[in-house]
Amino acid sequence: MAELLTEAEIQKQAKLLSGWAVEGAKLQITRKFQDFIQAIEFVNKLVEPAESSGHHPDIEISYNKVKITLTTHDAGGLTQNDFDLAGVISEIQ
């Protein structure tokens with residue numbers, strides 16, 4: 001099981017990610033697209049990196065908005081896995 005990050009480690013990592021916010025024990029971002037089709041295309045691009053890392057985001061879709069939430073459920077909070085996947089997701093257009 002991955003180890004929880006300290007609050008100082010979380011804040012340091014969060015500063016490196018544009019657009020992401022720490023909400024309690026979760027890391028979140030909302031991406032907005034032109035329409036529903038583009039939003040779904042983006043979500044489909046998340047499959048490979050999530051599967052490769054064995055770490056899966058919680059995803060909410062509302063028409064042209066996609067909210068991604070990362071947390072390591074079995075560790076009970078934020079771990080390096082969350083920030084690593086957030087970095088990968090940030091690169092996806």
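Residues numbered from 1 in each chain as written. Predicted model: local features only at pLDDT ≥ 70, side-chain atom pairs only at ≥ 80, totals over all residues. Heavy atoms only, no water.

1. A few points about the sheet that holds strand E4 (residues 65-70)
As summarised here, the arrangement of the four strands in space is E1-E2-E4-E3, forming an open sheet in which the pairing is antiparallel. Every other strand in the sheet has two partners, leaving strand E1 (21-23) and strand E3 (58-62) as the edge strands with one partner each. The average angle at which neighbouring strand axes cross in this sheet is 25°, direction not considered. Bridge analysis of strand E2 (residues 26-32) against E4 gives six bridges, and the strand direction is antiparallel. Bridge assignment links Thr30 to a residue of E4, and that residue is Lys67. The sheet strands contacting helix H4 (residues 80-90) are E2 and E4, and the helix crosses E4 at an angle near 155°. (Pairing = 2+ DSSP bridges. Helix = DSSP H or I, 4+ residues; strand = E, 2+ residues; numbered from the N terminus. Axes fitted to C-alpha atoms, helices over the stretch in contact; angles between N-to-C directions. Contact = heavy atoms within 4.5 Å.)

2. Remarks on the environment of Ser90
Among the secondary structure elements, Ser90 is positioned in helix H4. A C-alpha to C-alpha distance of 9.9 Å links Ser90 and Arg31, two positions 59 residues apart in sequence. Setting aside anything within four residues of it in sequence, one finds Ser90 in contact with Leu17 and Trp20.

3. A short note on the environment of Leu17
Structurally, Leu17 can be placed in the loop between helix H1 (7-14) and E1. Beyond its immediate chain neighbours, meaning those up to four positions away, Leu17 contacts Leu27, Phe83, Ala86, Gly87 and Ser90.

4. Comments concerning the nonpolar core
Counting 21 residues, the largest nonpolar core has Trp20, Leu27, Phe42, Ile68, Leu70, Phe83 and Ile89 as the members making the most contacts within it. Mapped onto this core, the elements with two or more residues apiece are H1, E2, helix H2 (36-45), E4 and H4. Considering each element in turn, this core owes the most residues, four residues, to H4. The contacts of Ile68, once residues within four sequence positions are left out, are Trp20, Leu27, Gln28, Ile29, Phe42, Leu46, Pro57, Asp58 and Ile89. (Core = buried A, V, L, I, M, F, W, Y, C linked by side-chain atoms within 4.5 Å. Buried < 20%, exposed > 50% of the residue type's maximum accessible area, 1.4 Å probe, protein only.)

5. Brief notes about unusual backbone geometry
The phi dihedral of Tyr63 falls on the positive side, at around 50°, and the residue is not glycine. Within the secondary structure, Tyr63 is located in the loop between E3 and E4.

6. Some points on H2
Turning to H2, its buried residues are Ala39, Phe42 and Val43. Along H2, the residues classed as buried sweep out an arc of 100° about the axis, all on the same side. Turned more than 90 degrees away from the buried face of H2, the exposed residues are Ile37 and Asn44. Residues of H2 that are buried make contact with E2, helix H3 (47-53), E3, E4 and H4. One side-chain oxygen at the N-terminal end of H2 lies 3.3 Å from the backbone nitrogen of Ile37; it belongs to Asp35. (Arc of directions from axis to C-beta. Polar contact = N/O pair within 3.5 Å; in protein donor to acceptor, adjacent residues only side chain to side chain.)

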